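A closer look at the structure
Each chain is listed here by its residues.
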Amino acid sequence: MTRYSYSRVDLWHKCPYHYKARYIDKLIEIPKLDANNPLILGHALHKGLESGEKAMEQDYFDSYPLITNDQVNEMMKLQILLPKVNNILDNFEGCKFQHEYPIMTKDFIGFADLIITAPDGTSTVIDFKYSNHVENYLESGQLHLYKYYLEKLGFNIKHLGYIFIPKTGIKQKQTESLYQFRKRLTEEVSKLKAELVPIKYDDMNVLYFQNTIKGIEAATEYPKNVDHCFSCIDRFEPEYVNAYLYHTWKKTNKRETEIMPIPKNVRREKKQDLKPDTWLYGDSYVGKTTFWDQFDDVLMLNTDGNIDNITSPFDDISDQVKKEGRMIKRTASWEKFLGDIQELELGNPEGYKTIVLDLVEQLYEACRAYVFDKHGWEHESDGTYGKGWTLVTDEFHNAIKRLKAIGLQIVYISKESRDKVTLKGGTVRTTFAPAINAKVANFLSGTVDATLRAYVNDDGTHMIQLTKVTGVFGGGRFNFKVKEVPLEKDSFIEALKDAQPKGAERPELKPEQKLAQEQSETTETPNDEENEKPKRKRRTRKTEEPKDEPVEEPTEEEKPKRKRRSRKSEPVEEMTPPGEDDEPEITEEAPKPRRRRRRTARKED
């Protein structure tokens, strides 16, 4: 029996079409990594309420492949708002606090943000909302469902309420320096107030929820709700990794004509994946292309002509000009790339196992040029409101999705770009990222298993950075045991083996088998309550008693040393990317007041 969550049923109300995409077709959404993403901010703030400011910072920053000034600005807001929410919770002194409490019954699943239990055994359910839209949430049935199902689990729920944490969307003006903007930001956020809003229980929300489930299970059509669904707007529609395959099924009616058997209820043995989809970037002449040339059955789709030192087969992805009689035929590099994808979709007679896009940022620029030439534009802004950007994005994303749907290992190669990020304390750090715009980078990183940086260390050795380092764009699903390895095949393969559960190597699969396996492994999106959240230790607020352990009193000879308070605020980030200079850069954010030495006046005799 399917267990329904509030968010699952709520998505059905918003848009049956997107409900079908997420829960029936199992499409994998690529997360949007905007600095002000409400889901990421809300989760980080909740983490701070449970475990403190440092845990909040780590939770937020770990959600991004790279930290920029935008992320630092958002964290400054959270650091101001966190104490405001804690002031509200301080009113529940002597109560037991249970954060993210799982509600599991045979037909419902959910996670209560906070359950506060008083000494008399009665409980209050609190839900945190980082939003200014108070009225919309007051009409929500979420807390009503939590009360109904928590009481089935033995709780005595007496009160329900939301804690609304206000947001501000002020942006830096062109006439402002970063220091001036952050000063104004601090002043504006300091004026905001968190608010506890109680709501009255209504059992009609439970009845409405249960009746809606019956309608979902009986549904045969899943129309778009273009009038009320924000995601149905082309510019804001979610990105799906396997959306191209889904639309192909729709056109050919395969879902209606073919019977797809469900898998047997047998646990699968974990296999090691030694051919993960990878994005490798680094400075020029580091050896990125040469590294992938060490692998077998590789097809290089090359855009920059850097093929003198490789032995793998390659296809030149550049503008082609041919003379046929008196006619000159031009083939754009993007059309050449689409032609290669089509050939691979029709078959792989050469037995390639890996497709390398070298360089992926030049492919994106070729895509832009193709769309511009097709519509007679010189820039995306030449299209109507948002149309230019949407057409370029859709053209590029659909091609990448088609390439992934083939089922081979996909590798992106990029050059790196360096930028500066100013931390809260004024320290400036250098960041490293692929040389492509941030939105495209976020999309591409969502389509691979690992994003890695290649560099040359101080000893002149060419290395791959495997683990996530603050200030370096990267990350992935592997738990690498070493931070870096030499930029060569055997070392990388050994690191992959050590990063995965021990077992037999994953057997080579045919492209269609790999694709089918990826589909079978698809789960619900991380935004849904049905995905299990990491278990956290429960704690009691302000009710912990001191442990009965003997404490040694310091003797007169061994007086405790007085700790010196540092005048400088603790920097958010201390780590320097490997292969770079350790000296911090000096900035002129704001003049620091000179410290005056205090003098003791002599007493007159």
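In what follows, the structure referred to is the one given above.
The present account deals with the structure reproduced in this document. (Residues numbered from 1 in each chain as written. Predicted model: local features only at pLDDT ≥ 70, side-chain atom pairs only at ≥ 80, totals over all residues. Heavy atoms only, no water.)

1. Some words on the environment of Leu 280
Here Leu 280 is to be found in strand 6 (residues 278-282). For the pair Leu 280 and Ala 450, spaced 170 residues apart in sequence, the C-alpha separation works out to 8.5 Å. Ignoring anything within four residues of it in the chain, the contact list for Leu 280 reads Lys 288, Phe 291, Trp 292, Tyr 412, Ile 413, Ser 414, Leu 452, Arg 453, Ala 454, Ile 464 and Leu 487. (Helix = DSSP H or I, 4+ residues; strand = E, 2+ residues; numbered from the N terminus. Contact = heavy atoms within 4.5 Å.)

2. Thoughts on the packing of aromatic side chains
Following the criterion strictly, the structure yields 24 aromatic pairs and no others. By way of ring pairs, the aromatic residues Phe 108, Tyr 146, Tyr 148, Tyr 149 and Phe 209 are connected into one cluster. Here the guanidinium or amino end of Arg 8 rests over the ring plane of Tyr 4, the centre of that ring lying 5.0 Å away. Seen from the ring of Tyr 17, Lys 224 lies directly overhead, with NZ or CZ sitting 4.7 Å from the centre. (Phe/Tyr/Trp six-rings, centres within 6.5 Å; stacked < 30°, edge-to-face > 60°. Lys NZ or Arg CZ within 6 Å of the ring centre and 35° of its normal.)

3. Some points on empty space enclosed by the protein
All chains considered together, the criterion is met by 1 cavity of 30 Å³ or more. Counted as a void, the largest cavity has a volume near 60 Å³. Lining the largest cavity are Thr 451, Leu 452, Arg 453, Gln 465, Leu 466, Thr 467, Lys 468, Val 469, Val 472, Phe 473, Gly 474 and Gly 475. Here the element with the most residues in the lining of the largest cavity is strand 14 (residues 450-456); it accounts for 3 residues. Class assignment for the residues of the lining of the largest cavity results in 5 nonpolar, 5 polar and 2 charged. (1 Å grid on protein atoms, 1.4 Å probe; cavity = no way out; pocket = protein on both sides within 12 Å on 5 of 7 lines; lining within 4 Å. Points joined across faces, edges and corners; volume = space filled by probe spheres on them. Nonpolar A, V, L, I, M, F, W, Y, C, P; charged D, E, K, R; others polar.)

4. Side note on the pattern of salt bridges
Scanning the model with the defined rule gives 19 salt bridges in all. Two residues, Arg 477 and Asp 273, come together in a salt bridge whose shortest N-O distance is 2.8 Å. Taken together, the positions of Arg 477 in the loop between strand 16 (475-476) and strand 17 (484-486) and Asp 273 in the loop between helix 11 (254-257) and strand 6 put the pair 204 residues apart, joining distant regions of the chain. As a salt-bridge pair, Lys 404 and Asp 277 come within 2.7 Å of each other at their nearest N and O atoms. Of the two residues, Lys 404 is situated in helix 15 (residues 387-405) and Asp 277 in the loop between helix 11 and strand 6; the sequence distance between them amounts to 127 residues. Within this structure, Asp 283, Glu 416, Arg 418 and Arg 453 form a network of salt bridges that share partners. (Salt bridge = Lys/Arg side-chain N within 4 Å of Asp/Glu carboxyl O.)

5. What about the packing of helix 1 (residues 6-14) against helix 2 (residues 16-24)?
Between helix 1 and helix 2, whose axes approach to 6 Å, the crossing angle comes to 140 degrees. Viewed along their axes, helix 1 and helix 2 adopt a mutual orientation that is oblique. Residue-level inspection shows Ser 7, Arg 8, Leu 11, Trp 12 and Lys 14 of helix 1 in contact with helix 2, the latter providing Pro 16, His 18, Tyr 19, Arg 22 and Tyr 23. Across the contact of helix 1 with helix 2, the residue classes break down as 5 nonpolar, 2 polar and 3 charged. (Axes fitted to C-alpha atoms, helices over the stretch in contact; angles between N-to-C directions. Parallel < 35°, antiparallel > 145°, perpendicular 65-115°, else oblique.)

6. Remarks on the pairing of strand 3 (residues 123-130)
For strand 3, the tally of buried residues reaches 8 of 8 residues, placing the bulk of the element in the interior. Alternating positions in strand 3 separate into two faces, Ser 123, Val 125, Asp 127 and Lys 129 on one and Thr 124, Ile 126, Phe 128 and Tyr 130 on the other, with burial throughout. Bridge count for strand 2 (residues 109-117) against strand 3 is 4 bridges, and the pairing is antiparallel. If you follow Ile 115 over to strand 3, its bridge partner there is Val 125. Connecting strand 2 to the antiparallel partner strand 3 that follows it, the hairpin turn spans 5 residues, and Gly 121 within it adopts a positive phi of roughly 95 degrees. The pairing of strand 3 with strand 4 (residues 157-165) spans 8 bridges and is parallel. (Buried < 20%, exposed > 50% of the residue type's maximum accessible area, 1.4 Å probe, protein only. Pairing = 2+ DSSP bridges.)

7. Examining the environment of Thr 354
Secondary-structure assignment places Thr 354 in strand 11 (residues 354-358). Of the residues examined, Thr 354 reaches a relative accessible area of 1% and is grouped as buried. Spatially, the C-alpha atom of Thr 354 lies 7.3 Å from that of Val 411, the residues being 57 residues apart in sequence. Once you skip the residues sitting within four places of it in the chain, Thr 354 turns out to touch Lys 275, Asp 297, Val 298, Leu 299, Gln 409 and Val 411. A distance of 2.6 Å separates the side chain of Thr 354 from the side chain of Gln 409, its partner in a polar contact. (Polar contact = N/O pair within 3.5 Å; in protein donor to acceptor, adjacent residues only side chain to side chain.)

8. Observations regarding the packing of helix 14 (residues 360-375) against helix 15
Close contact between helix 14 and helix 15 brings their axes to 9 Å; oriented N to C, the two are set at 130 degrees. In this view, helix 14 runs oblique relative to helix 15, as classed from their interaxial angle. The interaxial crossing formed by helix 14 with helix 15 has right-handed handedness. Seen from helix 14, the contacting residues are Val 360, Leu 363, Tyr 364, Cys 367, Arg 368, Tyr 370, Val 371, Phe 372 and His 375; seen from helix 15, they are Leu 391, Val 392, Glu 395 and Phe 396. Within the contact of helix 14 with helix 15, the residues separate by chemical class into 10 nonpolar, 1 polar and 2 charged. (Left-handed = near helix turned anticlockwise from the far one by under 90°.)

9. A look at the side chain of Ser 491
Inspection of the secondary structure puts Ser 491 in helix 17 (residues 489-498). A relative accessible area of 19% means that Ser 491 is categorised as buried. In contact with Ser 491, other than residues within four places in its own chain, are Val 485 and Pro 486.

10. Looking at unusual backbone geometry
Following Asp 358, the chain continues into Leu 359 via a peptide bond in cis, with omega recorded as 10 degrees. If you trace the backbone, Leu 359 turns up in the loop between strand 11 and helix 14. Its identity as a non-glycine residue notwithstanding, Tyr 285 has a phi of 65 degrees, on the positive side. Within the element layout of this structure, Tyr 285 appears in the loop between strand 6 and helix 12 (288-293). Classification of Tyr 285 as exposed rests on a relative accessible area of 81%. Unusually for a residue other than glycine, Asp 297 sits at a positive phi of about 55 degrees. With respect to the secondary-structure elements, Asp 297 resides in the loop between helix 12 and strand 7 (298-302). For Asp 297, a relative accessible area of 34% corresponds to the partly exposed category.

11. Side note on the nonpolar core
Among the nonpolar cores identified, the biggest contains 44 residues, and Trp 334, Phe 337, Ile 355 and Leu 444 are the most heavily contacted of them. Apart from residues no more than four positions distant in its own chain, Trp 334 is found in contact with Leu 363, Ala 366, Cys 367, Tyr 370, Glu 395, Phe 396 and Ala 399. One finds Leu 41, Met 75, Val 85 and Phe 128 within the second-largest nonpolar core, a separate group that totals 35 residues. (Core = buried A, V, L, I, M, F, W, Y, C linked by side-chain atoms within 4.5 Å.)

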